Amino acid sequence: MRDDEQTSFHDPERLKALAHPMRRRMLTHLGVHGAATSTTLAELLGAKTGTTSYHLRQLEKHGFIEEIPERSTGRERWWRRARFPRDLRSPTPDQLAPDDRAVLEEFQRIGMEEDRALLDRFPAAYRADPGWAKGSRGLARMTKAELDEFYEAYIALLLKYSHPQDEAPPDARPLYIRLFTLPADDN
């Protein structure tokens with residue numbers, strides 16, 4: 001599967017694997033900082049090595065990370081993010097069985113908590129380096145078809161200008177980029 005293909009989390013078990021805060025933090029760390037061991041991640045996250053090992057195995061089981069055999073020795077195993085499509089989309093509730101919709105809601109809730117934490121960091125990041133911290137807010141009127149087209153164009157731009165970690169130019173930095181839309185007239 002190419003990393004620019006679109007894929008969705010229709011498998012509830014795979015979605016559940018990412019609906020855990022520690023796994024999300026571990027996956028984010030591997031994506032931003034590169035390879036790590038369970039010991040390194042335990043120290044960074046204030047957890048026990050056994051806990052991080054368990055969560056790493058869950059991420060591996062669902063294809064989000066992979067071991068780096070050439071760096072692993074004895075009991076020390078090194079992990080990296082697996083190469084998977086960068087256009088990962090959540091299923092809509094109607095694409096899941098009713099019993100699995102709670103997992104989707106938890107996945108989204110954790111994601112919104114992460115986004116709120118990023119939003120809290122934004123003013124300091126902007127003060128420190130406005131060349132790297134960009135923000136935009138807007139109100140737009142669009143039809144559903146136009147919103148769909150806008151969203152696809154946004155994803156295409158992300159894919160065009162984003163590099164996989166192992167192919168990024170030396171001066172490239174990892175950036176958090178978020179987009180969400182919701183109707184303004186529902187309140």
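Refer to the structure printed above.
Just so we're clear, the structure is a prediction, and the values are computed from it rather than from any experiment.

K.L.:
Mind showing me how you'd approach the sheet that holds strand 4 (residues 78–81) here?
P.N.:
Two orientations exist for strands paired in a sheet by backbone hydrogen bonds: parallel and antiparallel. Across the sheet, which stays open at both edges, the three strands sit in the order 2-4-3 with antiparallel pairing between neighbours. The sheet terminates laterally at strand 2 (36–37) and strand 3 (65–67), the two strands that pair on one side only. Across three bridges, the pairing between strand 3 and strand 4 is antiparallel. When the sheet's bridge partners are listed, Glu67 is paired in strand 4 with Trp79.

K.L.:
How do you make sense of the layout of surface pockets when you look at a structure like this?
P.N.:
Here the second largest pocket is characterised by a volume of approximately 230 Å³. Looking at the second largest pocket, the residues that line it are Thr37, Ser38, Thr39, Thr49, Ser53, Leu56, Arg57, Arg75, Glu76, Arg77 and Trp79. Every element with two or more residues in the lining of the second largest pocket is listed here: helix 3 (38–45) and helix 4 (49–61). Element by element, the count of residues in the lining of the second largest pocket is highest for helix 4, at four residues. Class assignment of the residues belonging to the lining of the second largest pocket gives a composition of two nonpolar, five polar and four charged.

Thresholds applied
- Residues numbered from 1 in each chain as written.
- Predicted model: local features only at pLDDT ≥ 70, side-chain atom pairs only at ≥ 80, totals over all residues.
- Heavy atoms only, no water.
- Pairing = 2+ DSSP bridges.
- Helix = DSSP H or I, 4+ residues; strand = E, 2+ residues; numbered from the N terminus.
- 1 Å grid on protein atoms, 1.4 Å probe; cavity = no way out; pocket = protein on both sides within 12 Å on 5 of 7 lines; lining within 4 Å.
- Points joined across faces, edges and corners; volume = space filled by probe spheres on them.
- Nonpolar A, V, L, I, M, F, W, Y, C, P; charged D, E, K, R; others polar.

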